[in-house]
Amino acid sequence: MISRADLARLMNKPRGVVTTLVNELIKENLVVEGARTTAMRGRRPTLLSIRTEDRLVVAIDVRFSRTYIMLSDFSGRQLVMESFETNFSPERLVEKLADRINKILNYYDSTSACEGIGVVIPGIVEYQTGRIVFAPSLGWKDVEIRNALSEATGLPVHIENAAKACALAQLWNSKSTAGEVDNFVHVMVSDGIGVGIVINGELLRGENCMAGEFGHMPLNLEGPKCLCGKKGCWEVYASNLSTVSRYLGHDIFKTGINFDSMTENNKFTISDLVELALAGDAKAIKSVKTSAYYLGIGIANVVHAIDPTCVYIGGEITLAWSIIEKDVREALEERAFTEKASKVPILTASVVDHPRLRGAIALVSAPIFAIPRVA
Ligand SMILES: [Zn+2]
């Protein structure tokens, strides 16, 4: 909640301009007026907030291991959550998603309107067209699902790379709190590793929407094979697939990530592994600590390239942060050029909050409220 005066200060625009914009948003019922705040003297300003309650979003997180669907309202409140094994055929996946979404919305039988679907993908997504340029773990190259899913559900669909969406959600969230950070990276550790970059308060997409593909930056040119087909990428050493693969006894340094075994052992997940580590299982602890070391090495590269104010790290492995933080920091210190680089704050994004699904929600909810650029 914010007053018109504070909003004008935040936007660095005259009060009159802000009042005109706010009045338009109130007329469209996108912004609502709430309680009056306490003021030291004079008239008490009325607080404004975005109408969130009766506006729904379907958030979808497509991963190699599973696909998650969440129905939430604009504030991110979870109403329904489902997941199923990911189908790697884009047509089948769209069919299944549309079927589930239509059932969820019918079942929910709400008077609230669903305003769109946000989909996060582990790969490069062309922002302007929504085409998935390359998603190695899904085996997708130049794939289109946006229009098909939109036609099958009758809803607008927004697609984005998962790490970029997480960074967008982080940015959106920080704008509504006091602790706004303008320069940060969001390292998303999942079946792969993606990095969302925010510079001067803007998400960096790059000329071809490829910015942040640090997951495929090599740590060793002769290293194990990655799902992208190249050797020694960062994610071969530190992704969830690599952590689980290592625990299951595959020598990823010889064979690369054992794709078939991962599918066979789909029932044993990174969450199970982290639970074992937290319960004191030595093999599980070794597995997460090894990944943590490589996470730190990769983060040092990211810090040298971007020089962020802070690093957010998300993914199930961060539930074991009490076990792995030391390893991440030691590896970062080992590689960092300067004292400041070695001490960059690393903050975990709460797994309970489903950062990837928050990112998918932000794709639908944030663009409408992006700070208007007033000339
Ligand atoms: Zn790779």
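First, a word on what this report is: a plain description of the structure on this page. (Residues numbered from 1 in each chain as written. Predicted model: local features only at pLDDT ≥ 70, side-chain atom pairs only at ≥ 80, totals over all residues. Heavy atoms only, no water.)

Quick word on the pairing of strand β6 (residues 78-85)
Within a regular strand, side chains alternate between the sheet's two faces. Selection criterion: By the convention used here, strands pair only if DSSP detects at least 2 bridges between them. Strands are runs of DSSP state E lasting at least two residues, helices are runs of H or I lasting at least four, and both sets are numbered from the N terminus onward.
For strand β5 (residues 66-73) and β6, the ladder comprises seven bridges, and the chain directions are antiparallel. Note on β6: the bridge partner recorded for Leu71 is Val80. Remark: four residues form the turn of the hairpin made by β5 and β6, two consecutive strands paired antiparallel; Gly76 in that turn has positive phi of roughly 95°.

Some details on unusual backbone geometry
Peptide bonds are, in most cases, trans, and in most cases residues other than glycine have a negative phi. Let me state the cut-off plainly: Here the term buried applies to any residue with accessible area under 20% of the maximum for its type, exposed to any over 50%, and partly exposed to those in between, with areas from a 1.4 Å probe on protein chains only.
Positive phi is not limited to glycine here, since Asp142 has a value of about 50°. Considering the arrangement of structural elements, one finds Asp142 in strand β10 (residues 140-143). Exposure remark for Asp142: the relative accessible area of 49% places this residue in the partly exposed category. With phi around 60°, Cys209 is a residue other than glycine that occupies positive phi space.

Brief notes about the coordination of the zinc ion
How we decide: Any nitrogen, oxygen or sulfur atom within 2.8 Å of a metal ion counts as a donor, with the limit raised to 3.2 Å for Na, K and Ca, and since water is left out, coordination shells can look unfinished. Irregular is the default label, applied whenever a site is not tetrahedral (four donors, all angles between 85 and 135 degrees) and neither square planar nor octahedral (four or six donors, opposite donors over 155 degrees apart, all other angles between 65 and 115).
Looking at the metal site, the zinc ion is ligated by His216 (ND1), Cys226 (SG), Cys228 (SG) and Cys233 (SG), spaced 2.0 to 2.4 Å from it. For the zinc ion, the four donor atoms in the first shell make angles of 105 to 121° at the metal, a pattern classed as tetrahedral. Donor residues binding the zinc ion come from one chain and are separated in sequence as H-x9-C-x1-C-x4-C. On the accessibility criterion, Cys228 (17% relative accessible area) is buried. We classify Cys233 as buried; its relative accessible area is 1%.

A short note on the packing of helix α11 (residues 282-306) against helix α12 (residues 321-335)
Formally: Lines fitted to C-alpha atoms define the axes, with helix axes restricted to the stretch in contact, and inter-axis angles between N-to-C directions lie between 0 and 180 degrees. Any angle that falls under 35 degrees is termed roughly parallel, while one over 145 is termed roughly antiparallel, one within 65 to 115 roughly perpendicular, and all others oblique. For any pair of crossing helices, the crossing counts as left-handed if the nearer helix is rotated counterclockwise from the farther one by less than a right angle, and right-handed if it is rotated clockwise. Residue contacts are defined here by distance: any two heavy atoms, one from each residue, within 4.5 Å place the two residues in contact. As a working rule, the residues Ala, Val, Leu, Ile, Met, Phe, Trp, Tyr, Cys and Pro are called nonpolar, Asp, Glu, Lys and Arg charged, and the rest polar, with Gly in that last group.
Viewed as axis vectors pointing N to C, α11 and α12 meet at an angle of 40°, and their least axial separation amounts to 7 Å. By the criterion of interaxial angle, the relationship of α11 to α12 is oblique. Read as a crossing pair, α11 and α12 show a hand that is right-handed. On the side of α11, the interface is formed by Ile285, Val288, Lys289, Ala292, Tyr293, Leu295, Gly296, Ile297, Ile299, Ala300 and His304, while α12 contributes Ile323, Ile324, Asp327, Val328, Ala331, Leu332, Glu334 and Arg335. Within the contact of α11 with α12, the residues separate by chemical class into 13 nonpolar, two polar and four charged.

Some details on the pattern of salt bridges
Put simply, the rule is: Only one rule defines a salt bridge in this text: a Lys or Arg side-chain nitrogen within 4 Å of an Asp or Glu carboxyl oxygen.
Under the defined criterion, the tally for this structure stands at 14 salt bridges. As a salt-bridge pair, Arg63 and Glu316 come within 3.2 Å of each other at their nearest N and O atoms. With Arg63 in the loop between β4 (55-62) and β5 and Glu316 in the loop between β15 (310-314) and α12, the pair connects residues that are 253 residues apart, well separated along the chain. Looking at Arg63, the relative accessible area reads 11%, which means it is buried.

So, the sheet that holds β15
The five strands lie next to each other as β14-β13-β12-β15-β16, forming an open sheet whose pairing is mixed. Pairing within the sheet leaves two strands with one partner each, and these edge strands are β14 (202-203) and β16 (346-348). Pairing between β15 and β16: three bridges, direction parallel. Looking across to β16, one finds that Tyr312 is bridged to Leu347. On top of the sheet, α12 reaches β15 and β16; it is set at about 155° to β16, its chief contact.

With respect to the side chain of Arg55
Formally: We call two N or O atoms a polar contact when they sit within 3.5 Å, provided that within protein one can donate a hydrogen and the other can accept it, with sequence-adjacent residues counted only if both atoms are side-chain atoms.
Take Arg55: it is sitting in strand β4. You can call Arg55 buried: its relative accessible area is 0%. Within the local environment of Arg55, its side chain forms a polar contact with the side chain of Glu115, the two groups lying 2.7 Å apart.

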